[in-house]
Amino acid sequence: MSSTSENRPTVVLVHGAFADASSWNGAIELLRHEGHSVVAPANPLRGLAHDAGYLSDFLDSLDGPLVLAGHSYGGAVISQAAAGNPRVKALVYVAAFIPETGESALELSGRFPGSTLGSNLDSVSTGTETDLYIKADAFHHQFAADVPAPVTDLMAATQRPITASALEEKATAAAWKTVPSWSLIATEDFNIPPAAQRFMSERARAHTTEVSASHAVSVSQPAAVAHIIEQASQVIAG
């Protein structure tokens, strides 16, 4: 590995609800082509404190400086997991929640009009929790309208559920207050209203880019996702 590559941070990609780590595959390929070390751990999607704790422990297994990127609910997870970790040098939010302490994902998505997610969810009781899935026949339009239907059919079949309580759980930390942040806003998002994304991005003073994309922007426009992560990595690498 070249000295330039050695000076680059490790990029950690955290997926959100109704997806899995493979949703980052296109961006991973592009970032690795540019010499980045990239990992995309599984997000448990069991609860904000639980998931942030899991990610925090995972970060402890890595060496050197880190750039964290979170999609959707994964944005709330990286915000909480990065708090107090001096090795996290940048946060990148991809069509993501950027909550303030005391805010939940559900509250933020409902604060502005435009989300149609609620009416397109199925719930499954697991005894102790309620797992949420996007209805298979609504998945393409709701989550990934700019992704080819054969691909979204597979995404719908393999989607990871999130607990209802995870979306209601309030954030207890907001690392974006002290860590430089970048935000990619998807303007055709039916999960998190673009107005909510803009509000959160402006509040976090994030370096912001807007793209015409669905909520599944990491799948439909991996080059745009990789580009903003590359921007954050270059700035913090000096």
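Above: the structure in question.
Here's what I pulled together on the structure shown here. Starting afresh in each chain, residues are numbered from 1 along the sequence in its written order. Only residues with pLDDT of 70 or above have their local features reported here, since the model is predicted, and side-chain atom pairs are shown and tallied only from 80 upward, although totals for entire chains, interfaces and linings are computed over all residues. Note that water and hydrogens are dropped before the side-chain values are worked out from all heavy atoms of the structure.

## Notes on the overall build of the chain
Strands are runs of DSSP state E lasting at least two residues, helices are runs of H or I lasting at least four, and both sets are numbered from the N terminus onward. When helices and strands are tallied, the chain shows 11 helices and 9 strands. Since a compact globule built from 238 residues should have a radius of gyration of about 18 Å, the 16 Å found for the chain is in line with a globular shape. Here the C-alpha coordinates of the chain stretch approximately 50 × 35 × 30 Å along the principal axes. A contact between two residues is defined here by any heavy atoms of the two lying within 4.5 Å. Taking contacts inside the chain between residues at least 6 apart in sequence as the whole, the part at least 24 apart equals 73%. Here the chain holds 13 positive side-chain charges and 24 negative ones, and the gap between their average locations is 6 Å. For the radius of gyration, the atoms used are the C-alpha atoms, and the globule rule reads 2.2 Å times the number of residues raised to 0.38. The charge count includes Lys and Arg as positive and Asp and Glu as negative, but it does not include His or the ends of the chains. To locate a charge, take NZ of a lysine, CZ of an arginine, CG of an aspartate or CD of a glutamate.

## Notes on the environment of A186
In this structure, A186 sits in strand β8 (residues 181-186). Distance in space between the C-alpha atoms of A186 and H215 is 6.3 Å, their sequence separation being 29 residues. Ignoring any residue separated from it by four or fewer positions in sequence, one finds A186 in contact with A95, P194, Q197, V211, A213 and S214.

## Some words on the pairing of strand β6 (residues 130-134)
The pairing criterion for strands is at least two bridges between them, as found by DSSP. Sheet analysis places strand β5 (residues 121-125) next to β6, joined by 5 bridges and oriented antiparallel. By the bridge assignment for β6, S123 is matched with L132. Counting the residues that bridge the hairpin from β5 to β6 gives 4 residues, and of these G127 lies at a positive phi of roughly 100 degrees.

## Some remarks on the sheet that holds β6
Think of a sheet as strands paired side by side through backbone hydrogen bonds, with each pair either parallel or antiparallel. Across the sheet, 3 strands lie side by side as β5-β6-β7; this open sheet has antiparallel pairing. Every interior strand has two partners, whereas the edge strands, β5 and β7 (162-163), have only one.

## Comments concerning unusual backbone geometry
Note on backbone geometry: most residues besides glycine have negative phi, and most peptide bonds are trans. Notably, F18 is not glycine yet its phi reads approximately 65 degrees, a positive angle. With respect to the element layout, F18 can be found in the loop between β1 (10-14) and α2 (25-33). In this structure, S72 takes a positive phi of about 60 degrees despite not being glycine. Note that S72 resides in the loop between β3 (66-71) and α4 (73-81).

## Points about the packing of aromatic side chains
Working definition: a ring pair exists when centres of Phe, Tyr or Trp rings (six-membered ring for Trp) sit within 6.5 Å. Plane angles under 30 degrees give stacked, over 60 give edge-to-face, the rest tilted. Within the structure shown, the criterion is met by 2 aromatic pairs. With centroids separated by 4.9 Å and ring planes inclined at 35 degrees, the aromatic side chains of F139 and F143 adopt a geometry described as tilted. Taken together, the positions of F139 and F143, both in helix α6 (residues 139-143) and 4 residues apart, correspond to about one turn of that helix. A single burial state applies to F139 and to F143, both of which are buried. For a Lys NZ or an Arg CZ to count as sitting over a ring, it must be within 6 Å of the ring centre and within 35 degrees of the ring normal. Here the guanidinium or amino end of K177 rests over the ring plane of W176, the centre of that ring lying 6.0 Å away. Burial classes: relative accessible area under 20% of the type maximum marks a residue as buried, over 50% as exposed, and values in between as partly exposed (1.4 Å probe, protein chains only).

## Considering the pattern of salt bridges
A carboxyl oxygen of Asp or Glu within 4 Å of a side-chain nitrogen of Lys or Arg is what we treat as a salt bridge. Counted by the stated rule, this structure contains 6 salt bridges. Here D131 makes a salt bridge to R46, at a shortest N to O gap of 3.1 Å. Taken as a pair, D131 in strand β6 and R46 in the loop between β2 (38-39) and α3 (48-59) lie far apart in primary sequence, 85 residues in all. Given a relative accessible area of 8%, D131 falls into the buried group. In this structure R46 comes out as partly exposed when scored by relative accessible area, which is 31%. With a shortest N-O distance of 2.8 Å, E100 and K177 are connected by a salt bridge. Of the two residues, E100 sits in the loop between β4 (88-94) and α5 (105-110) while K177 sits in the loop between α8 (164-168) and β8, which places them 77 residues apart along the sequence. Among the charged side chains, a network of salt bridges with common partners joins E103, E107, R111 and R203.

## Details of helix α9 (residues 194-203)
Among the residues making up α9, those that are buried are P194, A196, Q197, M200 and S201. Here the buried residues of α9 occupy an arc of 155 degrees about the axis, which is enough to place them on one side. The arc in question is formed by the directions pointing from the helix axis toward the C-beta atoms.

## What to know about the sheet that holds β2
Read across the open sheet, the 6 strands follow the order β2-β1-β3-β4-β8-β9; overall the sheet is parallel. Edge positions in the open sheet fall to β2 and β9 (207-211), since each of these has one partner strand only. Here 5 bridges tie β1 to β3, and the two strands are oriented parallel to one another. The residue of β3 that forms the bridge with V12 is L68. Angles here are taken between N-to-C directions and fall from 0 to 180 degrees, while the axes themselves are lines fitted to C-alpha atoms, restricted in helices to the stretch in contact. Here α4 sits on the sheet in contact with β1, β3 and β4, set at roughly 150 degrees to β3.

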